[in-house]
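Here's the letter readout for the chains.
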Amino acid sequence: MRIPALLVLFFSVVGVLGAADSLPVQGTAVGSGKQEVGYVKAVSGRRVEVGLLGGVTVEPGSILSVVQYGEEIARLEVVRAGGSSLVCRLVSMREGAWPRVLDAVCLPSDPGREPEGFRPAEVLSVGEGEPRADTVRDGEVVPRAHWTYGALSKLALSGNLPNTPAWWFHGQQILTREDVKRLLRSVTPPGEGTSAELAYRVLLTEYGDAQGQLPPPKRKMGSSSYRKLRVLSDETDSGWQFLSRRDMWFSLGRGSYGLAVVTNQHREWQGASRGFHPVDSLLVRTRWLGFDCEFGKTYLKWGPSYTSGLILSDEAQGLPLGRVTGKLKLGRFFGNWDLDQFVAGFREGGGNRYLVGRRLQRSFGDRFSFGISETMKLNKVPNPTSLFLPILLYQRIFESDNNDLNAFVGLDARYDAGRYETYAELVIDDITAPRGFRQGRVTQKIGYTVGFRRKGLMWGGTDIRAEFTSIDRETYLHRNPEVSYYRQGRMLGHRLGPNGRSFILRADRRIGSKCELIGTYYREWPRDPGPPSSTRVDFLKVTAVWELSRRSSVAVGLGPVGVRKPDGGVNRSLGVEFVVDHGW
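The sections below set out a description of the structure shown in this document. Values in this document were obtained by computation on a predicted structure and should not be read as measured data. (Residues numbered from 1 in each chain as written. Predicted model: local features only at pLDDT ≥ 70, side-chain atom pairs only at ≥ 80, totals over all residues. Heavy atoms only, no water.)

### Here we look at the overall build of the protein chain
- Helix and strand counts for the protein chain stand at 8 helices and 27 strands.
- Taken across its 584 residues, the protein chain has 53% of its residues classed as buried.
- Considering only contacts in the protein chain between residues 6 or more positions apart, those separated by 24 or more positions represent 62%. (Helix = DSSP H or I, 4+ residues; strand = E, 2+ residues; numbered from the N terminus. Buried < 20%, exposed > 50% of the residue type's maximum accessible area, 1.4 Å probe, protein only. Contact = heavy atoms within 4.5 Å.)

What follows is the structure, given as structure tokens:
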């Protein structure tokens, strides 16, 4: 009982720092009696892309309504229809109101008659009132330990996520930001004064449009919990694990929220029983000067890779950090980019270590996005210029001997054609020359990932993903061990670490309303013979999950497991896993 009280005190003090000039996000409830057919997926000038709900078809030329908080604010004309989305033209709207991402799209009660106060879109100026385009971070994978899963679990447990089981969010599924937005579109708005309402509000601050305005929530604190009994036996691990997680949310006023996660589930996710504090995440979220700000301890993962991020992953403990995200406008020529920047600090090896990171991402058209990231680990306090100088330039100016700093650059690209998605990610360690990846005695130190995802196979119920990763022998390592890319022995980058390759093929198939089958093939082997890694792991597992009720489920997994050890010995066995899950 002491932990919640301490958390309330912490958030009450820290939340005051970011309470000014912040507004909660745009809600998506319809509440108007109109038939809802979809949601606003993206806005670019007067071009609006609409995602359709399941089983809905709309013909070109149809007139649709955009609804905010039960009030019709705009009319759209369908220009092109195909698959699960529409391309529409903004026809008319209320002055001062713009369609925003995640707004509801409905069939108008009277298509031939516009509501009073509407004006043609072409006569309304496009200025500060125009909404920002949809974030291009949709393809990024949400870290396994992130607070998002606890908030979604609460909505599922409360019955506000129809046809979505709560166990999805207890470690069985890894979601992308696009997946989360899709789930939010199917949410039945929670009742006022409930924990589910507070969870919904916090999710909208991360995945909705922060320009909207909602009345303050009546409930100031909410929570969600679940427990799992996991029994397993194979060549890599055996025994039983009692896992639990509790997520808490706090309303700090004027659009600011506090979040806390208390869990021991790192035993399942990272395979570690030590080095992780039970208070896994503890942070304050607010909005200031048009940017979203976070202060506290949390997990970050950059890039579209499914298994683990190359330049920044969730394999290590949560980072104590200050973080800023928002839209960076660079003019007509360079366009608008999504900015994500943080500074973190932690204790390691008897001294202080610091991690600075920056990421820019932009979409090109409706399907392609590109991101560039940079991070550096230091063994001394970074110069304040690191907040705006490119890291490689900072290294050249202030750390030319390259002994107190380890710098990384990452590039990633993603192409999403609806049901098909392809992506690639590259990390480069120690770029010190303008040409190539070598200079003097510095060998090639890179890693790359390529992946493919196919959604909606076999009548829409199957999702398949394949991914391959390769990392050079010395990537992440440094001649000064203090700045090698680890935190207390856990990788800050990809879980493979140096000198590794992996391949994963996963298929998820929903069977009826209560059962889901998950098939996974995974292979991990060294890129080159010898250290630092020479163990090979292969396993094939088929897991069946049965939903007993909204709150409970059981899962059984079976499959062969093989481990080839450095001495050449091979151990093979039949892996067995049994999981009982209960949430509230």
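Okay, back to it.
### Description of the packing of helix α2 (residues 147–157) against helix α4 (residues 195–207)
- Interhelical geometry of α2 versus α4 gives an angle of 140 degrees and a closest axis separation of 9 Å. One way to sum up the angle between α2 and α4 is to call them oblique. You can see that α2 and α4 cross each other, and the crossing is left-handed. Every residue of α4 that contacts α2 at Trp-147, Thr-148, Ala-151, Leu-152, Lys-154 and Leu-155 is listed here: Ser-195, Ala-196, Ala-199, Tyr-200, Val-202, Leu-203, Glu-206 and Tyr-207.
- Within the contact of α2 with α4, the residues separate by chemical class into 10 nonpolar, 2 polar and 2 charged. (Axes fitted to C-alpha atoms, helices over the stretch in contact; angles between N-to-C directions. Parallel < 35°, antiparallel > 145°, perpendicular 65-115°, else oblique. Left-handed = near helix turned anticlockwise from the far one by under 90°. Nonpolar A, V, L, I, M, F, W, Y, C, P; charged D, E, K, R; others polar.)

### Points about the pairing of strand β19 (residues 446–456)
- Relative to β19, strand β18 (residues 420–429) runs antiparallel, the two being bridged by 9 bridges. Paired with Ala-424 across the strands is Val-450, a residue of β19.
- Pairing of β19 with strand β20 (residues 462–471), which is carried by 9 bridges, proceeds in the antiparallel orientation. By the bridge assignment, Gly-447 is partnered in β20 with Ile-471. (Pairing = 2+ DSSP bridges.)

### Some points on the nonpolar core
- Counting 57 residues, the largest nonpolar core has Leu-152, Phe-342 and Leu-355 as its most contacted members.
- Broken down by secondary-structure element, the contributors of at least two residues to this core are α2, α3 (177–185), α4, β10 (256–263), β13 (319–329), β14 (336–348) and β18.
- Residues within four places of Leu-152 in sequence aside, it is in contact with Leu-161, Phe-169, Leu-175, Val-180, Leu-183 and Leu-203.
- One finds Val-37, Val-40, Val-66 and Ala-97 within the second-largest nonpolar core, a separate group that totals 21 residues. (Core = buried A, V, L, I, M, F, W, Y, C linked by side-chain atoms within 4.5 Å.)

### Thoughts on α4
- Taking 1.5 Å of rise per residue, 13 residues should cover 18 Å, and α4 covers 18 Å from first to last C-alpha, within 8% of that figure.
- The buried fraction of α4 is high, at 13 of 13 residues. (Expected span 1.5 Å × (residues − 1).)

### Here's the deal with the side chain of Asp-280
- One can find Asp-280 in strand β11 (residues 279–288).
- Among buried Asp, Glu, Lys and Arg side chains, Asp-280 stands out as unpaired, with Lys-297 the closest opposite charge at 5.0 Å.
- A polar atom in the side chain of Asp-280 sits 2.8 Å from the side chain of Tyr-299.
- Dropping the residues within four chain positions of it, Asp-280 is found in contact with Ala-145, Val-261, Val-262, Thr-263, Lys-297 and Tyr-299. (Lys, Arg positive; Asp, Glu negative; His and termini not counted. Salt bridge = Lys/Arg side-chain N within 4 Å of Asp/Glu carboxyl O. Polar contact = N/O pair within 3.5 Å; in protein donor to acceptor, adjacent residues only side chain to side chain.)

### Observations concerning the pattern of salt bridges
- Counted by the stated rule, this structure contains 37 salt bridges.
- Glu-178 is the partner of Arg-414 in a salt bridge, and the nearest nitrogen-oxygen pair spans 2.7 Å. One end of the pair, Arg-414, is in strand β17 (residues 405–416); the other, Glu-178, is in helix α3, with 236 residues separating them in the sequence. Accessibility classification places Arg-414 together with Glu-178 in one group, the buried group.
- Note that Arg-536 is salt-bridged to Asp-538, the shortest N-O span being 3.1 Å.

### Some details on the packing of aromatic side chains
- Summed over all chains, the structure comprises 12 aromatic pairs.
- Plain terms: the ring middles of Phe-364 and Phe-368 are 6.2 Å apart, the flat faces sit at 45 degrees to each other, and that makes the pair tilted.
- Residue class for Phe-368 comes out partly exposed when judged on its relative accessible area of 34%.
- Their ring planes at 55 degrees and their centres at 6.1 Å tell us that Tyr-448 and Phe-468 sit as a pair that is tilted. With Tyr-448 in strand β19 and Phe-468 in strand β20, this pair connects stretches of sequence that are 20 residues apart.
- Its relative accessible area of 21% is what places Phe-468 among the partly exposed residues. (Phe/Tyr/Trp six-rings, centres within 6.5 Å; stacked < 30°, edge-to-face > 60°.)

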